Amino acid sequence: MVPEPIRFTLQPAQSVVGPDPQSPVTILGNGFDLVALARGYMRGEQVNDVLQTTALVHEAYMRLVGEDVQWQGRDHFFAIAAGMMRRILVDFARHRRAEKRGGGADPVSLDEARLAADPEWKTEPDLELMALDDALTRLAGVDERKSRIVELRFFGGLTIEETAGVLGVSHATVERDFKMAKAWLSQAMG
Amino acid sequence: MAAPEERWRRLEEIFHRALDLEREERGAYLDAACAGGKELRAEAEAMIGADTGAGERIEGAIHGTFELAAADSDGEERRRIGPYEVLREIGRAA
């Protein structure tokens, strides 16, 4: 059972309020809830440290607040927040790869050595995530709605129902688009 | 050569229809539906092949990276969350 994480709630176009004395890191606002984002990552997974998870959620929150956007409601928030989560994870993956390649080692021979030692290497999540990000960008070029569905569902942690509401399309359309998007992305990821 | 939008619509239709068919009927359907379009057929086939487990693969990439990122913020940084300093922990996930 995963305990309720520390909550961050976005106050549209406002600065950070809090912390609330009852709960160490509570930011009260107008009902936009970043915990909904984190929930997507936690579903079915054991999360070993609420604080660390919360730190990432908080980073997303700070970026959102820093954007100085006038929120045009829930849809707008989810669309931007999901994209933000995607960027945070992609930034992290790129940074991690860059660090791994640091230290003056020849990246090509490093990759080859690693691959020889570990045939599963190419399926490391950060490499997969970078491939996913590239594929998603390409998908947006041919079918914007499908790429948004994937962002909202996977990076935003929204259900099919919520995604349909945000995009103003039917449940069936989301399911159909989502199915094709996943298969297309997976083959495009190589 | 069909316009990209037209090609994408065809690919979408072919993908869904092929998946509705029995496995052994798919080859003949793709032959007919993609007549002459080698690239279209190859893409449709790759998507059909990737369909099973595609969601799990994508989720795995996201969850796995999320966990790497969460595990990365340890030591000193763990005591700070953005502008907040962690004075005490009120609970941890199992």
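As the structure is a prediction and not an experimental result, all values here were calculated from the model.

1. A word on the confidence of the model for chain B
All names here are of chain B.
Piece 1. Here chain B averages 81 in pLDDT, and 71% of its residues register 70 or above.
Piece 2. For residues 74-83, every residue scores under 50 in pLDDT, and the model assigns this stretch 22 contacts once sequence neighbours within four places are set aside.
Piece 3. This complex was scored by the predictor with a pTM of 0.70 and an ipTM of 0.79.

2. Here we look at the nonpolar core
One broad trend across soluble globular proteins is that nonpolar side chains are buried collectively.
Piece 1. Counting 44 residues, the largest nonpolar core has Leu-129, Leu-132, Phe-155 and Leu-185 of chain A together with Leu-11, Leu-30 and Ile-62 of chain B as its most contacted members.
Piece 2. Here this core gets 7 residues from one element, more than from any other, and that element is helix 8 (residues 171-188) of chain A.
Piece 3. When sequence neighbours within four positions are dropped, the list of residues in contact with Leu-11 of chain B reads Met-180 and Trp-184 of chain A together with Leu-40, Glu-43, Ala-44 and Met-47 of chain B.

3. Quick notes on the side chain of Arg-97 of chain A
All names here are of chain A.
Piece 1. Mapped onto the elements, Arg-97 comes out in helix 3 (residues 74-100).
Piece 2. By relative accessible area, Arg-97 is classed as buried at 5%.
Piece 3. At 3.0 Å, the side chain of Arg-97 and the side chain of Asp-126 are in polar contact.

4. Section: helix 6 (residues 144-155) of chain A
All names here are of chain A.
Piece 1. A rise of 1.5 Å per residue sets the reference length of helix 6, with its 12 residues, at 16 Å; its end C-alpha atoms lie 16 Å apart and thus fit the reference within 8%.
Piece 2. Counting buried positions along helix 6 yields 9 of 12 residues, so the element is predominantly enclosed.
Piece 3. Residues Lys-146, Ser-147, Ile-149, Val-150, Glu-151, Leu-152, Arg-153, Phe-154 and Phe-155 constitute the buried set of helix 6.

Conventions adopted
- Residues numbered from 1 in each chain as written.
- Chains lettered and ligands numbered in written order.
- Predicted model: local features only at pLDDT ≥ 70, side-chain atom pairs only at ≥ 80, totals over all residues.
- Heavy atoms only, no water.
- pLDDT = per-residue confidence, 0-100.
- Contact = heavy atoms within 4.5 Å.
- Core = buried A, V, L, I, M, F, W, Y, C linked by side-chain atoms within 4.5 Å.
- Buried < 20%, exposed > 50% of the residue type's maximum accessible area, 1.4 Å probe, protein only.
- Helix = DSSP H or I, 4+ residues; strand = E, 2+ residues; numbered from the N terminus.
- Polar contact = N/O pair within 3.5 Å; in protein donor to acceptor, adjacent residues only side chain to side chain.
- Expected span 1.5 Å × (residues − 1).

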